[in-house]
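The primary structure of each chain is shown beneath.
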Amino acid sequence: MREAKVVCRELGCGNVVAVSRGPLIEDGRGGVSLWSCSGNESTIRECNLRVGGGPGDCNGEYYHNVICSESVQLVDGAGVCSGRLEVKSNQSWASVCEADFDQQDAEVVCGELGCGAPAALQGGLYGEGEGQTWDKEFQCKGNESLLLDCDTSDRKNNTCLPGNAVGLTCSEPDDVRLVGGGSRCAGGVERYDQGEWRTVGAVDRFKEAVAAVVCRQLGCGSTVSVLPGNTTGEIGVDCSGSESSLRECETSYSTYFISPGFTVICSDLLVQPDIFLTDSMGGVSRGHQGPEVFRGYNFTITCYTQPQYPGGSFLLTFTGSNRTQTQPAVNHSAAFLFPAADDSHQGNYSCVYDNYVFSHNFFSESELLSLTVTASPLPAFIIRHVVVLLILLTAITTIYLYYKTTRRQKRVNRVSSMDLYVDANAMEMVSLSSRAEAGPGEERAAQGTE
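Residues numbered from 1 in each chain as written. Predicted model: local features only at pLDDT ≥ 70, side-chain atom pairs only at ≥ 80, totals over all residues. Heavy atoms only, no water.

Student: Break down the overall build of the chain for me, with residues and values.
Tutor: Helix and strand counts for the chain stand at five helices and 28 strands. Across the 450 residues in the chain, those meeting the buried criterion constitute 39%. Taking the intrachain contacts of the chain between residues at least 6 apart in sequence as the baseline, contacts between residues at least 24 apart amount to 69%. Accessible surface for the chain amounts to roughly 25,500 Å². Of this, 53% is attributable to carbon and sulfur atoms. (Helix = DSSP H or I, 4+ residues; strand = E, 2+ residues; numbered from the N terminus. Buried < 20%, exposed > 50% of the residue type's maximum accessible area, 1.4 Å probe, protein only. Contact = heavy atoms within 4.5 Å. Areas by Shrake-Rupley, 256 points an atom, 1.4 Å probe, with all protein chains shown as cover.)

Structure (structure tokens):
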């Protein structure tokens, strides 16, 4: 990568976007091997060269294909993916005014340089530069491949104030990973190259430097240990240790220079645990400054971490006091019960997860939980209980009235049935009585009439 930076600089073609390999041209021409470039040379001739006598003398019998950004570059930054933005205009480089550039424009630039998403965009972040200023306003949609493919318009303001040159930081590309270690911060080193993931190898004297770059690029802290691997390296890497990403290191494809793969363990191995507050009696509320616990109520502080490695323990710390509690991690969590809150419980708490992995003790601490202890809000307490009692009383009254109405209706229906039965019997009795009082002639007459 250092040699590629020199090539792009010498050609006036901006930043390095990619370095790939191809088969050596079989036309009998001799090869040239670059043994060392610092990356700051103006021309490739300033590097240490070795002229070969034939195609087989080239490193790995391959030529290197360098892709430069051509019209966009980030300068004076910490690496390829950060710096002051410059655009090539009339064979010279021009800074871009912050007012003429936005987030969508930044996405196009980061993609054009082969970097990740924009992480910071700020005027004057990497100085002002000494050249001219770009005189157009970019209007990218965010899906263009090149910045100069975006639409532009005349600048609304003819001046670009000092301190407003665009400084851009892109995240590093996701072309490095650690595999087989149970964490994104531990495992064998692999790099995405030529469309596939390849095992990275390095000679012993460069392994520590390579490991430092890998941990830095992944955001995993610093190197804890470097262990031998059990796979054969497919590409060789040589780093100084100060690079921001692995692609800035020197890469070799020759089997002569490639060593076995290796395992890197970074300090930020464990994910950050979570901490939260619970209660079972309604004694916790949310205040303006965070959770509040009423005096005399119990509360529980729970520590939890995502499943990574079995075992481990949680240490609950309390700032402002030497009071700590420790519990083993059961199902990746631990609960600390406090039976009655008082003023001594007020303060900041944190969970520290501890686990012994890869022959080392690793720690990871949660964010602070700020807890306030307050007096119990008696009026609110009474109102809450009165409301509950009223709800219960209303429910009981409703059930009683419904039951009473149902019983009354059943009684009315039963009385009505009995009245009908009595009326029918009475009519029958009246009819029999009338016939008994009538004489035989009247009865026969009545029967004849019937």
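Read on, since the account is not over.
Student: Give me the lowdown on the pattern of salt bridges, citing residues and values where you can.
Tutor: The full count for this structure, using the stated rule, is nine salt bridges. We note a salt bridge from Lys 141 to Asp 151, for which the minimum N-O separation is 3.6 Å. Pair noted here: Lys 141 is in the loop between strand E9 (136–139) and strand E10 (151–154) and Asp 151 is in strand E10, with a separation of ten residues, a long-range link. For Lys 207, the salt bridge identified is with Asp 204, shortest N-O distance 3.2 Å. (Salt bridge = Lys/Arg side-chain N within 4 Å of Asp/Glu carboxyl O.)

Student: Describe in detail the nonpolar core, supporting the description with residues and values.
Tutor: Counting 27 residues, the largest nonpolar core has Phe 299, Ile 301, Phe 314, Leu 316 and Tyr 349 as its most contacted members. Breaking this core down by element, the ones donating at least two residues are strand E19 (274–278), strand E22 (299–304), strand E23 (313–318), strand E25 (333–338), strand E26 (347–357) and strand E28 (369–374). Take this core: its biggest share by element is four residues, from E26. In this structure Phe 299 touches Leu 277, Thr 278, Asp 279, Val 284, Val 293, Phe 336, Leu 337, Phe 338, Ala 341, His 345 and Leu 371, once residues within four positions along its chain are discounted. Within the second largest apolar cluster, 23 residues are counted, among which are Val 176, Val 189, Ala 211 and Val 264. (Core = buried A, V, L, I, M, F, W, Y, C linked by side-chain atoms within 4.5 Å.)

Student: Now, about unusual backbone geometry: what can you tell me, with residues and values included?
Tutor: Backbone geometry at Asp 76 places phi at a positive 65°, although glycine is not the residue there. Note on placement: Asp 76 falls in the loop between strand E5 (72–75) and strand E6 (82–89). The exposed category is assigned to Asp 76, whose relative accessible area is 57%. Located in the positive-phi region is Asn 331, a residue other than glycine, with phi close to 55°. Here Asn 331 shows up in the loop between strand E24 (324–328) and E25. A residue is classified by how much of its surface remains accessible, and Asn 331, at 65% relative accessible area, is exposed.

Student: For the environment of Leu 369, give the residues involved together with the corresponding values.
Tutor: Within the fold, Leu 369 resides in strand E28. The sequence separation of Leu 369 and Ile 301 amounts to 68 residues, and the corresponding C-alpha distance is 9.3 Å. The residues touching Leu 369, leaving out its near neighbours within four places in the chain, are Ile 275, Leu 277, Pro 291, Ile 301, Gly 347, Asn 348 and Tyr 349.

Student: I'd like a description of the state of the cysteines, backed by residues and values.
Tutor: Within this structure, the stated rule accounts for eight disulfides. Between Cys 185 and Cys 220 runs a disulfide, and the two sulfur atoms are separated by 2.0 Å. Disulfide Cys 185-Cys 220: the torsion about the S-S bond is -70°, which places it as left-handed. With Cys 185 in the loop between strand E12 (176–183) and strand E13 (186–193) and Cys 220 in the loop between helix H3 (204–217) and strand E15 (223–232), the pair connects residues that are 35 residues apart, well separated along the chain. (Disulfide = S-S within 2.5 Å.)

Student: Tell me what's going on with the pairing of strand E27 (residues 360–365), and back it up with residues and numbers.
Tutor: Bridge analysis of E26 against E27 gives six bridges, and the strand direction is antiparallel. Across the sheet, residue Val 357 finds its bridge partner in E27, namely His 360. Counting the residues in the hairpin turn of E26 and E27 gives two residues, including Phe 358, whose phi is positive at 55°. (Pairing = 2+ DSSP bridges.)

Student: Break down a nonpolar patch on the surface for me, citing the residues and quoting the values.
Tutor: On the surface, Val 388, Leu 389 and Leu 392 cluster together into a nonpolar patch covering about 290 Å² of accessible area. With respect to the element layout, Leu 389 can be found in helix H4 (residues 378–437). By relative accessible area, Leu 389 is classed as exposed at 57%. (Patch = residues over 30% accessible without salt bridge, like charges linked within 9 Å, V, L, I, M, F, W, Y side chains within 5 Å.)

Student: Just give me the short version of the packing of aromatic side chains, but keep the residues and values in it.
Tutor: The relation between two aromatic rings is expressed through the spacing of the ring centres and the mutual angle of the planes. For the coordinates displayed, the defined rule picks out nine aromatic pairs. Between Tyr 309 and Phe 358, the ring centres sit 6.3 Å apart and the planes meet at 85°, which makes this aromatic pair edge-to-face. Within this pair, whereas Tyr 309 is found in the loop between E22 and E23, its partner Phe 358 is found in the loop between E26 and E27, the two being separated by 49 residues in sequence. With relative accessibility at 11%, the residue Tyr 309 sits in the buried group. Three or more aromatic residues joined by ring pairs form one cluster here, namely Phe 299, Phe 318, Phe 338 and Tyr 349. (Phe/Tyr/Trp six-rings, centres within 6.5 Å; stacked < 30°, edge-to-face > 60°.)

Student: I'd like a description of the confidence of the model for the chain, backed by residues and values.
Tutor: Averaged over every residue, the pLDDT of the chain is 79; the share at 70 or more is 77%. In the model, residues 52–61 has pLDDT below 50 throughout and makes 25 contacts with residues more than four positions away in sequence or in other chains. Low confidence marks residues 442–450, where pLDDT is under 50. Its contacts with residues over four positions away, or in another chain, come to one contact. (pLDDT = per-residue confidence, 0-100.)

Student: So what's going on with the pairing of strand E14 (residues 196–201)? Residues and values would help.
Tutor: Relative to E14, E13 is paired through four bridges, and the arrangement is antiparallel. Opposite Tyr 192, over in E14, you have Trp 197 as the bridge partner. Here E13 folds back onto E14 in antiparallel fashion, the turn holding two residues, of which Gln 194 has a positive phi close to 55°. Pairing geometry for E14 and strand E16 (residues 235–238), over two bridges, is parallel. For Gly 201, the partnering residue across the bridge sits in E16 and is Gly 236.

Student: Please set out the sheet that holds E25 residue by residue, giving values where relevant.
Tutor: Reading across the sheet, the three strands line up as E19-E22-E25 and stay open at both edges, with antiparallel pairing between neighbours. Every interior strand has two partners, whereas the edge strands, E19 and E25, have only one. Sheet twist, expressed as the average angle between the axes of neighbouring strands with direction ignored, equals 20°. Sheet topology note: the E22/E25 ladder contains six bridges and is antiparallel. Bridging from a neighbouring strand, Thr 300 pairs with Leu 337 of E25. (Axes fitted to C-alpha atoms, helices over the stretch in contact; angles between N-to-C directions.)

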